[in-house]
Amino acid sequence: MAQDYRWRRLGEHGADGIPGGTALALGLDGMVTGISSPPDTPRGIAARLRYLTASSAGYTAMDQAGISVTRRTLYAWLAEERSPSPANRSKLDAAYWALRRQRVVAELKRRLSRGGGTRVEIDPVDQREVPGKYRRDLQVRRITLRPHIWDAAVDAWVADDIEDLGAIWDEAITGLGSDYDSYTHVASVGWNA
(Lines give C-alpha, C1' and ligand atoms only; values in the text may rest on other atoms or scores of the structure.)
Protein backbone atom coordinates (compact mmCIF):
# COMPACT_ATOMS: atom_id res chain seq x y z
CA MET A 1 0.00 0.00 0.00
CA ALA A 2 1.68 3.20 -1.17
CA GLN A 3 1.47 6.03 1.29
CA ASP A 4 1.27 9.57 -0.01
CA TYR A 5 2.75 11.39 2.97
CA ARG A 6 5.61 13.86 3.20
CA TRP A 7 8.02 10.99 3.84
CA ARG A 8 7.12 9.31 0.56
CA ARG A 9 10.69 9.82 -0.62
CA LEU A 10 12.33 9.22 2.75
CA GLY A 11 16.10 9.33 2.38
CA GLU A 12 16.14 11.47 -0.76
CA HIS A 13 17.90 14.21 1.20
CA GLY A 14 19.51 11.98 3.82
CA ALA A 15 16.74 11.42 6.38
CA ASP A 16 16.88 8.01 8.03
CA GLY A 17 13.90 6.22 9.55
CA ILE A 18 11.51 3.32 9.39
CA PRO A 19 7.72 3.07 9.04
CA GLY A 20 5.95 3.57 12.37
CA GLY A 21 4.29 0.15 12.16
CA THR A 22 7.71 -1.48 11.82
CA ALA A 23 8.97 0.49 14.83
CA LEU A 24 5.94 -0.69 16.79
CA ALA A 25 6.72 -4.31 15.85
CA LEU A 26 10.36 -3.90 16.93
CA GLY A 27 9.22 -2.53 20.28
CA LEU A 28 6.90 -5.49 20.80
CA ASP A 29 9.71 -7.87 19.79
CA GLY A 30 11.83 -6.32 22.52
CA MET A 31 9.23 -7.24 25.14
CA VAL A 32 9.49 -10.96 24.42
CA THR A 33 12.12 -12.74 26.45
CA GLY A 34 13.43 -16.20 25.86
CA ILE A 35 16.45 -18.40 25.51
CA SER A 36 19.62 -16.34 25.52
CA SER A 37 21.96 -19.04 24.18
CA PRO A 38 22.63 -18.52 20.47
CA PRO A 39 20.71 -20.83 18.12
CA ASP A 40 23.89 -22.34 16.68
CA THR A 41 25.39 -23.54 19.98
CA PRO A 42 24.75 -26.99 21.46
CA ARG A 43 23.09 -25.41 24.51
CA GLY A 44 20.90 -23.14 22.36
CA ILE A 45 19.85 -25.97 20.06
CA ALA A 46 19.01 -28.26 23.01
CA ALA A 47 16.98 -25.57 24.77
CA ARG A 48 14.97 -24.75 21.65
CA LEU A 49 14.30 -28.43 20.96
CA ARG A 50 13.14 -29.04 24.54
CA TYR A 51 10.79 -26.06 24.38
CA LEU A 52 9.36 -26.98 20.98
CA THR A 53 8.90 -30.69 21.68
CA ALA A 54 7.15 -30.12 25.03
CA SER A 55 3.77 -29.43 23.42
CA SER A 56 1.73 -30.02 20.32
CA ALA A 57 1.89 -26.25 19.69
CA GLY A 58 5.67 -26.62 19.46
CA TYR A 59 5.39 -29.34 16.84
CA THR A 60 2.96 -27.14 14.92
CA ALA A 61 5.43 -24.24 15.11
CA MET A 62 8.22 -26.48 13.77
CA ASP A 63 5.98 -27.64 10.95
CA GLN A 64 5.05 -24.03 10.08
CA ALA A 65 8.74 -23.09 10.10
CA GLY A 66 9.39 -25.75 7.47
CA ILE A 67 11.13 -28.35 9.60
CA SER A 68 10.32 -31.71 8.09
CA VAL A 69 12.54 -34.43 9.48
CA THR A 70 11.90 -38.02 10.43
CA ARG A 71 11.07 -38.95 13.99
CA ARG A 72 14.41 -40.75 14.13
CA THR A 73 16.29 -37.58 13.16
CA LEU A 74 14.38 -35.54 15.73
CA TYR A 75 15.22 -38.09 18.45
CA ALA A 76 18.89 -37.95 17.42
CA TRP A 77 18.80 -34.16 17.75
CA LEU A 78 17.18 -34.41 21.18
CA ALA A 79 19.74 -36.97 22.33
CA GLU A 80 22.48 -34.68 20.94
CA GLU A 81 23.75 -37.56 18.77
CA ARG A 82 23.36 -35.37 15.68
CA SER A 83 23.19 -31.66 15.19
CA PRO A 84 20.67 -29.96 12.90
CA SER A 85 22.01 -28.45 9.70
CA PRO A 86 22.52 -24.67 9.68
CA ALA A 87 19.26 -24.30 7.75
CA ASN A 88 17.35 -26.38 10.31
CA ARG A 89 18.98 -24.51 13.22
CA SER A 90 17.66 -21.30 11.67
CA LYS A 91 14.20 -22.85 11.29
CA LEU A 92 14.28 -24.11 14.90
CA ASP A 93 15.08 -20.59 16.05
CA ALA A 94 12.24 -19.14 13.94
CA ALA A 95 9.81 -21.77 15.30
CA TYR A 96 10.92 -21.08 18.87
CA TRP A 97 10.37 -17.32 18.61
CA ALA A 98 7.06 -17.74 16.78
CA LEU A 99 5.79 -19.94 19.60
CA ARG A 100 7.13 -17.56 22.27
CA ARG A 101 5.29 -14.70 20.57
CA GLN A 102 2.02 -16.66 20.50
CA ARG A 103 2.32 -17.52 24.17
CA VAL A 104 2.88 -13.96 25.38
CA VAL A 105 0.00 -12.30 23.52
CA ALA A 106 -2.40 -12.20 26.49
CA GLU A 107 0.31 -10.95 28.86
CA LEU A 108 1.40 -8.21 26.44
CA LYS A 109 -2.16 -7.01 25.99
CA ARG A 110 -2.69 -6.95 29.75
CA ARG A 111 0.54 -5.04 30.44
CA LEU A 112 0.12 -2.53 27.63
CA SER A 113 -3.56 -1.85 28.31
CA ARG A 114 -3.23 -1.47 32.09
CA GLY A 115 -4.35 1.91 33.38
CA GLY A 116 -6.09 2.90 30.14
CA GLY A 117 -3.10 2.39 27.86
CA THR A 118 0.62 2.94 27.64
CA ARG A 119 2.49 6.17 26.97
CA VAL A 120 4.70 5.90 23.89
CA GLU A 121 7.65 8.11 23.03
CA ILE A 122 8.14 8.73 19.32
CA ASP A 123 11.62 9.64 18.11
CA PRO A 124 11.39 11.44 14.76
CA VAL A 125 13.45 10.43 11.75
CA ASP A 126 17.18 11.12 11.98
CA GLN A 127 17.91 14.28 9.98
CA ARG A 128 21.63 14.66 10.74
CA GLU A 129 22.53 14.05 7.10
CA VAL A 130 19.79 16.32 5.72
CA PRO A 131 20.96 19.70 4.37
CA GLY A 132 19.57 22.58 6.45
CA LYS A 133 17.14 23.86 3.85
CA TYR A 134 15.39 20.48 3.72
CA ARG A 135 15.24 19.82 7.47
CA ARG A 136 11.95 19.84 9.31
CA ASP A 137 11.47 21.02 12.85
CA LEU A 138 10.50 17.71 14.46
CA GLN A 139 10.47 17.01 18.17
CA VAL A 140 10.19 13.87 20.24
CA ARG A 141 6.46 13.34 20.72
CA ARG A 142 4.54 11.40 23.34
CA ILE A 143 1.13 9.81 22.93
CA THR A 144 -0.90 7.31 24.90
CA LEU A 145 -1.95 4.26 22.95
CA ARG A 146 -5.31 3.09 24.28
CA PRO A 147 -6.21 -0.57 24.92
CA HIS A 148 -8.08 -1.05 21.61
CA ILE A 149 -4.97 0.12 19.73
CA TRP A 150 -2.70 -2.21 21.73
CA ASP A 151 -5.01 -5.18 21.27
CA ALA A 152 -5.07 -4.65 17.50
CA ALA A 153 -1.31 -4.01 17.36
CA VAL A 154 -0.44 -7.15 19.33
CA ASP A 155 -2.78 -9.24 17.15
CA ALA A 156 -1.19 -7.85 13.96
CA TRP A 157 2.30 -8.33 15.41
CA VAL A 158 1.75 -11.98 16.32
CA ALA A 159 0.27 -12.55 12.84
CA ASP A 160 3.37 -10.84 11.37
CA ASP A 161 1.05 -8.48 9.46
CA ILE A 162 3.22 -5.42 8.88
CA GLU A 163 0.62 -3.80 6.62
CA ASP A 164 -1.98 -3.96 9.38
CA LEU A 165 0.58 -2.62 11.87
CA GLY A 166 1.13 0.33 9.53
CA ALA A 167 -2.59 1.06 9.46
CA ILE A 168 -2.76 0.76 13.26
CA TRP A 169 0.17 3.16 13.61
CA ASP A 170 -1.55 5.63 11.30
CA GLU A 171 -4.66 5.47 13.50
CA ALA A 172 -2.57 5.89 16.64
CA ILE A 173 -0.82 9.07 15.48
CA THR A 174 -3.87 10.91 14.17
CA GLY A 175 -4.01 12.67 17.54
CA LEU A 176 -0.83 14.53 16.64
CA GLY A 177 -2.91 16.92 14.55
CA SER A 178 -1.19 18.62 11.64
CA ASP A 179 2.12 16.91 12.55
CA TYR A 180 0.53 13.54 11.90
CA ASP A 181 2.22 12.76 8.57
CA SER A 182 5.65 13.80 9.87
CA TYR A 183 5.58 10.76 12.17
CA THR A 184 4.50 8.07 9.72
CA HIS A 185 8.22 7.23 9.57
CA VAL A 186 10.29 7.45 12.74
CA ALA A 187 13.72 6.68 14.16
CA SER A 188 12.11 4.58 16.89
CA VAL A 189 9.27 4.26 19.36
CA GLY A 190 9.63 3.21 22.96
CA TRP A 191 7.64 2.63 26.11
CA ASN A 192 7.80 1.14 29.59
CA ALA A 193 5.29 -1.58 30.37
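Structure: see above.
Now for a look at the structure at hand. (Residues numbered from 1 in each chain as written. Predicted model: local features only at pLDDT ≥ 70, side-chain atom pairs only at ≥ 80, totals over all residues. Heavy atoms only, no water.)

## Quick notes on helix α3 (residues 56-64)
Consideration 1: Listed as buried for α3 are Gly58, Ala61 and Met62. One face of α3 carries all of its buried residues, which in axial projection span an arc of 100 degrees. Every exposed residue of α3 that faces more than 90 degrees away from the buried side is listed here: Ser56, Asp63 and Gln64.
Consideration 2: Each element contacted by the buried residues of α3 is listed here: α2 (42-52) and α5 (86-113).
Consideration 3: Looking at the residues trailing α3, positive phi occurs at Gly66, about 90 degrees. (Buried < 20%, exposed > 50% of the residue type's maximum accessible area, 1.4 Å probe, protein only. Helix = DSSP H or I, 4+ residues; strand = E, 2+ residues; numbered from the N terminus. Arc of directions from axis to C-beta. Contact = heavy atoms within 4.5 Å.)

## Some details on the sheet that holds strand β3 (residues 141-145)
Consideration 1: Reading across the sheet, the four strands line up as β1-β4-β2-β3 and stay open at both edges, with antiparallel pairing between neighbours. In the strand order of this sheet, the two ends are held by β1 (18-19) and β3, each with one partner. (Pairing = 2+ DSSP bridges.)

## Section: the packing of aromatic side chains
Consideration 1: Considering all chains together, one arrives at three aromatic pairs under this definition.
Consideration 2: Relative to Trp191, the ring of Trp150 has its centre 5.0 Å away and its plane inclined at 65 degrees; by these criteria the two rings are edge-to-face. On the criterion of sequence distance, the pair formed by Trp150 in helix α6 (residues 147-158) and Trp191 in the segment after β4 (185-190) is long-range, its members being 41 residues apart. By the burial criterion, Trp150 is buried, and Trp191 matches it.
Consideration 3: A network of ring pairs unites the aromatic residues Tyr51, Tyr96 and Trp97 as a single cluster.
Consideration 4: One cation-aromatic arrangement involves Arg48 over Tyr96; the distance from NZ or CZ to the ring centre is 5.5 Å. (Phe/Tyr/Trp six-rings, centres within 6.5 Å; stacked < 30°, edge-to-face > 60°. Lys NZ or Arg CZ within 6 Å of the ring centre and 35° of its normal.)

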